[in-house]
Amino acid sequence: MVATIANAGSPVKERLRSQTAIVWVLLLAAIPLSRLASENFPSWSLVDGTLVLSLFLVLVAFGQGLVILTGGIDLSLATIVTLGAYLTGRLASDGMPLPLAILLTLLGCAVVGVVNGLLVGKAGFPAFIVTLATGSIVAALLLGVSRGAPAQQSPSQLSSWFGNSSILGISTPIWMSWSSACSAGRSSTVRCSAAGPSRSAEVPPPQSCRASR
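Calculation notes
Residues numbered from 1 in each chain as written. Predicted model: local features only at pLDDT ≥ 70, side-chain atom pairs only at ≥ 80, totals over all residues. Heavy atoms only, no water. pLDDT = per-residue confidence, 0-100. Contact = heavy atoms within 4.5 Å. Axes fitted to C-alpha atoms, helices over the stretch in contact; angles between N-to-C directions. Helix = DSSP H or I, 4+ residues; strand = E, 2+ residues; numbered from the N terminus. Parallel < 35°, antiparallel > 145°, perpendicular 65-115°, else oblique. Left-handed = near helix turned anticlockwise from the far one by under 90°. Nonpolar A, V, L, I, M, F, W, Y, C, P; charged D, E, K, R; others polar.

A.B. asks: Is there a simple way to think about the confidence of the model for the protein chain in this case?
C.D. replies: In low-pLDDT segments, the atomic positions of the prediction should not be examined closely. Of all residues in the protein chain, 70% have pLDDT values of 70 or greater, and the mean over the chain is 76. Segment residues 1-6 is flagged for pLDDT under 50; beyond a separation of four residues in sequence, or across chains, it makes zero contacts in the model. Here residues 197-208 is a poorly scored stretch, pLDDT under 50, and it has eight contacts once near neighbours within four places are set aside; other chains count.

A.B. asks: Any chance you could explain the packing of helix α6 (residues 98-122) against helix α7 (residues 127-145) here in plain terms?
C.D. replies: The relative placement of two packed helices is expressed as an angle between their axes plus a distance between the axes. Look at α6 against α7: their axes get within 9 Å of each other, and the N-to-C directions meet at 150°. Viewed along their axes, α6 and α7 adopt a mutual orientation that is roughly antiparallel. By crossing handedness, the relation of α6 to α7 is classed as right-handed. Together, V112, V115, N116, L119 and V120 of α6 and A127, V130, T131, T134 and V138 of α7 make up the contact between the two elements. Across the contact of α6 with α7, the residue classes tally to seven nonpolar, three polar and no charged.

A.B. asks: What exactly am I supposed to notice about the packing of helix α5 (residues 77-93) against α7 here?
C.D. replies: Interhelical geometry of α5 versus α7 gives an angle of 30° and a closest axis separation of 9 Å. Classed by the angle they form, the pair α5 and α7 counts as roughly parallel. For the pair α5 and α7, the sense of crossing is left-handed. Here T79, T82, L83 and Y86 of α5 lie close against α7, whose contacting residues are G135, V138, A139, L142 and V145. Of the residues assigned to the contact of α5 with α7, the class counts are six nonpolar, three polar and no charged.

The structure is reproduced here in C-alpha cells:
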C-alpha cells in the first residue's frame, strides 16, 4: 500500500521538478513582487502592452522550437528577423504599399530559409554550420547595403495597427500570438504522435516528443 502511494506521488514530483512548472512558479511569484516596483501593476493595460512588445519574441521562439523539434537548429534566425525588419521599413519608406512590402519581405526571408533547407536536407551539410554561414553572409550583406545602419523606421500603418487595433478588448497582436501558439502546439503534437508508432523498439522517440507526452 505504501509503495502504491509512493509510486502514485512520483509523477506529481516529476511535474513539479519540470522546467515548465518552475517557469509557472516564478511567474506567479513575480506578479505580487512586481507590485513593489510599480503601483500600477497588475493592470490590464500594462499586461497588454507587455504582451504586444513581446509578440515578435513569441513568434520567433515558436519557429525555432519547431526546428529544434525536428532535430535541427537555426543560427540564422536573428539575421532573418533583422532582414525582415529592414526590408519592410525600407520598401515602405520608398513608397511601396504596405501589403506588397510585407509580401516581398516574406519572400526575401523565405529565400534564405529555402537555401538553408536545401543545404541541410538535400546536400547533407550540418544545420549548425549552414545556418551560421548563411546568417553571417546575410548580416554582412545587410550591413553593406544599409551602410552600417540597418535600423529602419516602422511604417506608420503597421505601428498604428499593432498599437490601436483590438478584438473584444484584446489587442490584435495578442490574438495572433495565441493562434500561433495553438498552431505550433498542434503541429508538435501531431508530429510526435505520428513518430511514436512508426519507430522501432530499439530507437526511442526524440526527447522533445517524450517531454510533450
